[in-house]
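Given next are the chains, with one letter for each unit.
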Amino acid sequence: MPIIKSAKKAARQATKRTEHNVEIKKNIKAAVKAFKAKPSAKSLAKAQSEYDKAVKKDLIKKNTAARRKSKLAAYAKTKKVKLA
């Protein structure tokens, strides 16, 4: 347990940030799951958008997001999803 005032604040901030980051990762997983359950251009765009948001907030690296988005696009192509 932190004793110093600044350490207490840092601990509070860390827990808040962790909760926020977990929320964003859950949104990504939900969007990808929804896309794989019912592939469509709209759900693909939603999943890719969630990855972009995570990159913007420095939750995942840019190349990781690009790789995962590419994988989704390839999956969409195999399922013959018409892209707008």
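Scroll up a little and you will see the structure.
A brief look at the structure comes next.

### Side note on the packing of helix H1 (residues 5-37) against helix H3 (residues 62-78)
Piece 1. It is the contact of H1 with H3, at a shortest axis distance of 11 Å, that shows an interaxial angle of 15 degrees. Taken as axis vectors, H1 and H3 run roughly parallel relative to one another. Note that H1 runs across H3; the crossing there is left-handed. Residues Val32, Phe35 and Lys36 of H1 pack against Leu72, Tyr75 and Ala76 of H3.

### Quick word on the pattern of salt bridges
Piece 1. Enumeration over the complete set of coordinates arrives at three salt bridges.
Piece 2. Its salt-bridge partner being glutamate 50, residue lysine 53 comes within 3.8 Å of it at the nearest N-O pair. Pair noted here: lysine 53 and glutamate 50 are both in helix H2 (residues 41-56), with a separation of three residues, about one helical turn.
Piece 3. The residue aspartate 52 makes a salt bridge to lysine 69 at a minimum N-O spacing of 2.8 Å. Taken together, the positions of aspartate 52 in helix H2 and lysine 69 in helix H3 put the pair 17 residues apart, joining distant regions of the chain.
Piece 4. Taking the relative accessible area as the measure of exposure, aspartate 52 reaches 39% and is therefore partly exposed.

### With respect to the side chain of glutamate 50
Piece 1. Overall, the relative accessible area of 6% leaves glutamate 50 in the buried class.
Piece 2. Not counting chain neighbours up to four residues away, the residues in contact with glutamate 50 comprise Asn27, Ile28 and Ala31.

### A few points about a positive patch on the surface
Piece 1. Taken together, the side chains of Lys5, Lys8, Lys9, Arg12 and Lys16 make up a positively charged region of the molecular surface.
Piece 2. Residue placement: lysine 16 occurs in helix H1.
Piece 3. Judged by relative accessible area, which is 63%, lysine 16 ranks as exposed.

### With respect to unusual backbone geometry
Piece 1. The phi torsion at aspartate 58 lies on the positive side, around 60 degrees, for a residue other than glycine.
Piece 2. Considering the arrangement of structural elements, one finds aspartate 58 in the loop between H2 and H3.
Piece 3. On the basis of relative accessibility, which here comes to 70%, the residue aspartate 58 falls in the exposed class.

### A short note on the packing of H1 against H2
Piece 1. Contact geometry for H1 and H2: axes closest at 8 Å, N-to-C directions at 160 degrees. Taken together, the axes of H1 and H2 are roughly antiparallel relative to one another. As for how H1 packs across H2, the hand of that crossing is left-handed. Seen from H1, the contacting residues are Ile24, Asn27, Ile28, Ala31, Val32 and Phe35; seen from H2, they are Ser43, Leu44, Lys46, Ala47, Glu50, Tyr51 and Ala54.
Piece 2. Among the residues forming the contact of H1 with H2, the class breakdown is nine nonpolar, two polar and two charged.

Criteria and cut-off values
- Residues numbered from 1 in each chain as written.
- Predicted model: local features only at pLDDT ≥ 70, side-chain atom pairs only at ≥ 80, totals over all residues.
- Heavy atoms only, no water.
- Axes fitted to C-alpha atoms, helices over the stretch in contact; angles between N-to-C directions.
- Helix = DSSP H or I, 4+ residues; strand = E, 2+ residues; numbered from the N terminus.
- Parallel < 35°, antiparallel > 145°, perpendicular 65-115°, else oblique.
- Left-handed = near helix turned anticlockwise from the far one by under 90°.
- Contact = heavy atoms within 4.5 Å.
- Salt bridge = Lys/Arg side-chain N within 4 Å of Asp/Glu carboxyl O.
- Buried < 20%, exposed > 50% of the residue type's maximum accessible area, 1.4 Å probe, protein only.
- Patch = residues over 30% accessible without salt bridge, like charges linked within 9 Å, V, L, I, M, F, W, Y side chains within 5 Å.
- Areas by Shrake-Rupley, 256 points an atom, 1.4 Å probe, with all protein chains shown as cover.
- Lys, Arg positive; Asp, Glu negative; His and termini not counted.
- Charge placed at Lys NZ, Arg CZ, Asp CG, Glu CD.
- Nonpolar A, V, L, I, M, F, W, Y, C, P; charged D, E, K, R; others polar.

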